[in-house]
Amino acid sequence: MHPAPSIIAFTTLSGLGLGLLFWLGIDPTPPTGWVGAVFFAIGFALAGGGLMLSTFHLGRPERAIRAFSQWRTSWLSREAWTALAALSVMVLHAALVVLFGFSLSLLGWLGAALCLATVFTTSMIYAQLRTVPRWHHWSTPLLFLTLSLAGGALLSGRVSVAMVLLAITGAVQLWSWRDGDERLARSGSDMASATGLGGIGTVRAFEPPHTGTNYLMREMVHVVGRKHAQKLRVIAMGLMVVLPVVLLALPFGHAWAGLAVLSHVAGVIVARWLFFAEAEHVVGFYYGKR
Amino acid sequence: MTSLPASTERKLGLVIDLDTCVGCHACVVSCKGWNTENYGAPLSDQDPYGADPTGTFLNRVHSYEVQPETGPAQLFHFPKSCLHCEDAPCVTVCPTGASYKRAEDGIVLVNESACIGCGLCAWACPYGARELDAAEGVMKKCTLCVDRIYNDNLPEEDRLPACVRTCPAGARHFGDLGDPDSDVSRLVVERGGFDLMPEQGTKPVNKYLPPRPKDGWEGQVDVLAPFLAPVAEEPKGFLGWLDRALGALPGGDRP
C-alpha cells in the first residue's frame, strides 16, 4: 500500500495525542494550572492536528463533513464520531481541571474511554480490509492500542508504566512483523484464484493492461522500499522501544525524557511507514506483483 | 445508508468469455468513450501525450500466459471491470453513503456529488475495479452503463453496456444473472462459469467462462505425416561434396 505522508503523520500523531489524553483522563490527580494547560494542549494539538492532517489525502476535503453519516456500517465514519466525542469530552474535562482545579473522575474516565475507542476505530479501518491480509488480523487493533497507550504514558511522564508498555508494544510489533509476513500466503488468494486460470497451469502476467502506471498500482502495489524492510524494522524497533526504555532507565532528567519522546516518535513514524509500505493488496496478483 | 440491500430484484451483470476474447481492447476504448461523454465526471487522463501518461479507466484488459505441465504455454486475454458483487465490501466501508448498491437491479454505483475521495472503497475492492479520478477527486467505477441500458432514446439494440455492444468477438454478454432461465445464466451453467477470488467472500455477480481445452501436440495422427519424414539423413551428391569440402576447411566442424 502507498505510504501517504498525511496518513502516516495522522495515525502517528493522533495515536500519541489520544494516548496522552487517555492518561490525563484517568489520572485521579491530573496536573492543574499552567502545567495542566501545557499537558492538555500537547494532547489536543497532537490528536486534533493529526485528525486535521487526515483530510489532506481526500480528493474532496470540502465535503469531509459527510463522513459522519454512515456510522452504522463504516469504520471511517465511526472514527469521525468517536474522535469528535473524545475531543469534546476531554475539552470539557481539561477546562474543569485547568481553570478550576476540579477533576470529575467520571468525565475523565469517559473521555479516556472515548480516546481509546478512537484509536480502535482508526485501527479497524485497516483491520477490516480482507483485501490486505497483513492488516486483516486482530493484532492490528492490539498494536495500535498498545502503541497509543505506551506513547501516551511516555508523554505524560509515567516512567515505570511507559517502560512496561513500551516492552509490551515491542513484543506485539515483533510478532506482528513475523506473523504478518505469512498472512498473504495464508489468505488463499494468489494469481490462480485471481484469474481462475490456475486449473490449466502456472499463471504468469504476460502483458499489463496499459503501457504506463495507474491509480491502482500507485495506491496498492507499492513495492518501492520493501527491499530495505529488514533494516527499517531494526531501526524502528531501536528508536520506538529500545532507546526510550534505556533512556528512561537512566536517572530521571528532563533532557533524557525529552530525547526518549523524540526517539519514540521517530521510531513510530518508521514503523508506520513500514505498516503501509509492506502491506500487500491482493489486486497486485492481477499485475503479477505483490 | 451504505448498508447492502438484503436481496436485489434482479442481478444485472456481465458474463465474460475467456475462450473468445481476442484482447483487442475495443471494450476498453468504448467504455472510456461512453463514460467520458455521458453520465458523471469525465474519465480524465494525465500527461496523455507526454512521457508518463496515466488515466482513469473502468475496464482494463490484462493478458496472462499459462504454462500447463505438458505442452506449449497458452495465452489468455482477461478483461476486468466491476463485478457488481452481492456482498460488495466497497459499499459498506464508504463513510459518506456515496457508494451504494441498487435494490432493484444490483448495480453498484457512486454518487459523485457525495464522494469525498478518501479512496477506502478502492482499498476494499479485491479486483481493482475502482479508480480515483486524479482531476475530479472522486471515485469512478463501472456503472454497467446504467445510462444506456434503460435509455429509451437509444435504439433497442444499443441498450447494452458499451463494452458488450462493441465487442467484435462476442466475448461479453449482459443480462440478469438472478434469473436462472436468462441467456446469461444458462451460458454460465453450460460453460461452467466461475467467480474471481471466491475466497474473498464478495459473491461477484459477473462470471467468467473458462477457456475451452486447447488442441495438444501429442497423440495426433496425421495419415500423410509419414510421407513428410526426411528421406535422406546424410546429404549426397553435390550437397554431400559441399558439406565435406566446407567441413575440411580450417574452422570447420571436422577435425
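- The name recorded for chain B in an unreviewed UniProt entry is 4Fe-4S dicluster domain-containing protein, from Thetidibacter halocola.

- As annotated in an unreviewed UniProt entry, chain A is Dimethyl sulfoxide reductase anchor subunit from Thetidibacter halocola.

1. What to know about the layout of surface pockets
Thinking step 1. In this structure, the largest pocket occupies an estimated 580 Å³ of space.
Thinking step 2. Taken together, 26 residues form the lining of the largest pocket, with Leu51, Ser54, Thr55, Leu76 and Glu79 of chain A sitting closest to its centre.
Thinking step 3. Looking at the lining of the largest pocket, the elements with two or more residues in it are helix H1 (5-26), helix H2 (33-54), helix H3 (75-100) and helix H4 (105-127) of chain A together with helix H3 (120-124) of chain B.
Thinking step 4. Examining the composition of the lining of the largest pocket, we find that 6 residues originate from one element, H3 of chain A, more than from any other.
Thinking step 5. Taken together, the residues of the lining of the largest pocket sort by class into 20 nonpolar, 5 polar and 1 charged.

2. Details of the interface of chain A and chain B
Thinking step 1. Tallying the contact residues gives 58 residues for chain A and 58 residues for chain B.
Thinking step 2. Contact between chain A and chain B buries roughly 4,800 Å² in total, counting both sides, with carbon and sulfur atoms accounting for 59%.
Thinking step 3. Applying the counting criterion to the chain A and chain B interface returns 2 salt bridges.
Thinking step 4. At the surface where chain A touches chain B, the tally comes to 27 residue pairs in polar contact (both at pLDDT 80 or more).
Thinking step 5. Looking at the side of chain A that touches chain B, the elements that each hand over two or more residues are H3, H4, helix H7 (191-195), strand E1 (202-207) and helix H8 (215-220) of chain A.
Thinking step 6. No other element matches the 6 residues that E1 of chain A contributes to the side of chain A that touches chain B.
Thinking step 7. Of the residues contributing to the side of chain A that touches chain B, the split by class is 27 nonpolar, 22 polar and 9 charged.

What counts as what
Residues numbered from 1 in each chain as written. Chains lettered and ligands numbered in written order. Predicted model: local features only at pLDDT ≥ 70, side-chain atom pairs only at ≥ 80, totals over all residues. Heavy atoms only, no water. 1 Å grid on protein atoms, 1.4 Å probe; cavity = no way out; pocket = protein on both sides within 12 Å on 5 of 7 lines; lining within 4 Å. Points joined across faces, edges and corners; volume = space filled by probe spheres on them. Helix = DSSP H or I, 4+ residues; strand = E, 2+ residues; numbered from the N terminus. Nonpolar A, V, L, I, M, F, W, Y, C, P; charged D, E, K, R; others polar. Contact = heavy atoms within 4.5 Å. Buried area = accessible area lost by both parts, 1.4 Å probe. Salt bridge = Lys/Arg side-chain N within 4 Å of Asp/Glu carboxyl O. Polar contact = N/O pair within 3.5 Å; in protein donor to acceptor, adjacent residues only side chain to side chain.

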